[in-house]
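Chains, contacts and geometry: an overview
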Protein chains: 2
Amino acid sequence: MTQAVIINEVGARDGLQNQHARIDVDAKLELITAFVAAGLPAIEATSFVSPKAVPQMADADVLCSRLPASGKVQYSALTPNLRGLERARAAGMREIAVVLSATDTMNLRNINMDLAASTAVCSETIRMAKEYGMRGKAYVAVAFECPYEGQVPAPRVLELCEAMITAGADEIVIADTIGAANPAQVKTLVGECVRRYGAQRVSAHFHDTRGFALANVWASLEAGVRKFDTSIGGLGGCPFAPGAAGNVATEDVVLFVEQCGLTTGVDIVKLRLAVKIAERLVGQALGGRTSRWLRSRD
Amino acid sequence: MTQAVIINEVGARDGLQNQHARIDVDAKLELITAFVAAGLPAIEATSFVSPKAVPQMADADVLCSRLPASGKVQYSALTPNLRGLERARAAGMREIAVVLSATDTMNLRNINMDLAASTAVCSETIRMAKEYGMRGKAYVAVAFECPYEGQVPAPRVLELCEAMITAGADEIVIADTIGAANPAQVKTLVGECVRRYGAQRVSAHFHDTRGFALANVWASLEAGVRKFDTSIGGLGGCPFAPGAAGNVATEDVVLFVEQCGLTTGVDIVKLRLAVKIAERLVGQALGGRTSRWLRSRD
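Rules and cut-offs
- Residues numbered from 1 in each chain as written.
- Chains lettered and ligands numbered in written order.
- Predicted model: local features only at pLDDT ≥ 70, side-chain atom pairs only at ≥ 80, totals over all residues.
- Helix = DSSP H or I, 4+ residues; strand = E, 2+ residues; numbered from the N terminus.
- Rg over C-alpha atoms; globule rule 2.2 N^0.38 Å.
- Buried ≥ 20, exposed ≤ 12 C-beta atoms within 10 Å, placed from the backbone.
- Contact = placed C-beta atoms within 7 Å.
- Pairing = 2+ DSSP bridges.
- Axes fitted to C-alpha atoms, helices over the stretch in contact; angles between N-to-C directions.
- Nonpolar A, V, L, I, M, F, W, Y, C, P; charged D, E, K, R; others polar.
- Least-squares fit on C-alpha atoms with pLDDT ≥ 70 in both.

Details of the overall build of chain A
- Looking only at helices and strands, one finds twelve helices and ten strands in chain A.
- A globule of 298 residues ought to have a C-alpha radius of gyration of about 19 Å, and chain A, at 17 Å, matches this closely.
- Seen through its C-alpha atoms, chain A measures out along the principal axes to roughly 50 × 40 × 35 Å.
- Burial analysis of chain A (298 residues in total) assigns 56% to the buried set.
- Here the analysis covers contacts within chain A between residues at least 6 apart in sequence; of these, 73% occur between residues at least 24 apart.

See the structure below:
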């Protein structure tokens, strides 16, 4: 089992998308440049959604055309459908992600489609991305609990994973969108995904609503997962999910993973500079569970 | 493997001992009564240490004589030596605990003895407690990292565990006194203790300094451990350990363990009343990682 863990920084997209204040493209690029400087190997840059639905992401095309060049970083963008995919392709993106919520209600509230329709659109988008020679990831969101429907049956999540793999997804991201998962569930569900598709094709996305995120990261590591979504300073959440709190903080996962004896290649000091930039952009204090301890070592 | 987890509430001792303001015995009993009402099955009530060293615990004898009677609760008290043991016995305690720090420097700074001397005193105290027909627990403190000596070698900790078991200890408590452990270390060290002595004789004590405590609880559960020290609202820490932050909060562990499908028998609503009492006693806001989420459900 490899000791290298890939951190996929989602702060510039998942973190910023629900900020009320508009953040301009230069500011976003400043943040992304700080991510690159900190050695983050994967960065979710933006989302090619309707500017009406998510005004904060209206600059996706411009942003992608100006991303800092680096041979070491894999940039990605969310593309909810073929229209988004075409925009991402035109902007030069080499990796896209679709988001498939695991319940009817979440899909209806989020994108006004039922689960079957959403599955079809995600499959189609992944298939076309692969035809274009892009890397395609598929999120299965609310994979443990849905804010509207409650507990989500694992067999349904596994069916959706299978549909995405069949469509050609290079990677499945199991997402605990509202931070309701516990490590017993993670062990079962993420473990089964790893058994079916191999650790290389499975990553995990946790929120820290109940303070369980690092325990879920550990359960995922034990299951063989070596890639995690994280957000700088714990920025963000899900704008459509009531009660959702922030993503697990990048600095928490980097510190945790490194102390567990694995490696991320991320510079924790430079990461803290990125936290400060993010704080300035959103005008509020940020920071994960490790902040106080990290500050005590200054 | 049993699904029942025993929570040992240490807030009345470990939580209160480093509070500057003196808390009177009636107030302590109010807190302990709230613990009993919440269904906590094990309560560390006090410490029979020198009143000069820890003035907050000077009322240990009176407190123990007035503990609320309950057939369901196992009370315990720390006894650093034979003198403390005699006091605990006279006060009617049926369970005592010794604390053996795993490094020379921690022992010297804490109780002005080196590791060998401290081991001898702890062994003698445990042996005598067993002669008196009491239950005897042995903490191995700073079992992962010492604030003075850094990383603590696992083989030394295991030697100290062996010494305590040889002396007659009914239970070994592996204590991450400064909150520096990660679940990879916990898996190795706690796992080895369980292999040697059985899960029934091993418990764990975590601090949440870096936000890793619940991940460490999960690693311990996976290793078979079914008993944890916790402190109401995360109250307390180690007065002698620089940089140490609070104990893992009782409500965090109860919520976490229950959501993982295990049972504690603790009433989370009544537990929150105990948090409020503790907040009043110490004059500051308390609460673990789950506080915000718990409040959002009121």
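Describing the sheet that holds strand β10 (residues 227-230) of chain B
Residue and element names in this part refer to chain B.
- Overall, parallel pairing links the eight strands, which are arranged β1-β2-β3-β4-β5-β8-β9-β10 in a closed barrel. Each adjacent strand pair in this sheet contributes to an overall mean axis angle of 25 degrees, direction not counted.
- Note that strand β9 (residues 202-206) and β10 share two bridges and pair parallel. Considered in β10, the bridge of A204 is made with F228.

Some thoughts on the pairing of strand β8 (residues 171-176) of chain B
All names here are of chain B.
- Burial analysis of β8 places six of its six residues in the buried class, the great majority of the element.
- Here β8 shows a buried face lined by E171, V173 and A175 and a second buried face lined by I172, I174 and D176.
- Two elements, strand β5 (residues 135-141) and β8, share four bridges in a ladder whose sense is parallel. Across the sheet, residue Y139 finds its bridge partner in β8, namely V173.
- Note: β8 against β9, five bridges, orientation parallel. In the strand pairing of β9, A175 is matched with H205.

Observations concerning the pairing of strand β1 (residues 6-9) of chain A
Residue and element names in this part refer to chain A.
- Direction of pairing for β1 relative to strand β10 (residues 227-230): parallel, over a ladder of four bridges. Bridge pairing in β10 links I6 to K227.
- Note: β1 against strand β2 (residues 42-47), two bridges, orientation parallel. What sits directly across from N8, in β2, is A42.

Some remarks on the interface of chain A and chain B
- Counting residues at the interface gives 23 residues for chain A and 23 residues for chain B.
- At the level of elements, α8 (183-197), α9 (213-222), α10 (250-259) and α12 (291-296) of chain A are the ones that each hand at least two residues to the side of chain A that touches chain B.
- Its residues assigned to classes, the side of chain A that touches chain B comprises eleven nonpolar, nine polar and three charged.

With respect to the relation of the copies chain A and chain B
- Structural alignment of chain A on chain B gives an RMSD of 0.0 Å, achieved by rotating through 180 degrees and translating 0.0 Å along the axis. Such a combination of turn and shift is consistent with a two-fold rotation axis. Closest approach to the rotation axis within chain A is made by the C-alpha atom of A:A215, at a distance of 1.9 Å.

Quick notes on the sheet that holds β1(A)
- Reading around the barrel, the eight strands line up as β1-β2-β3-β4-β5-β8-β9-β10 (chain A) and close back on themselves, with parallel pairing between neighbours. The average angle at which neighbouring strand axes cross in this sheet is 25 degrees, direction not considered.

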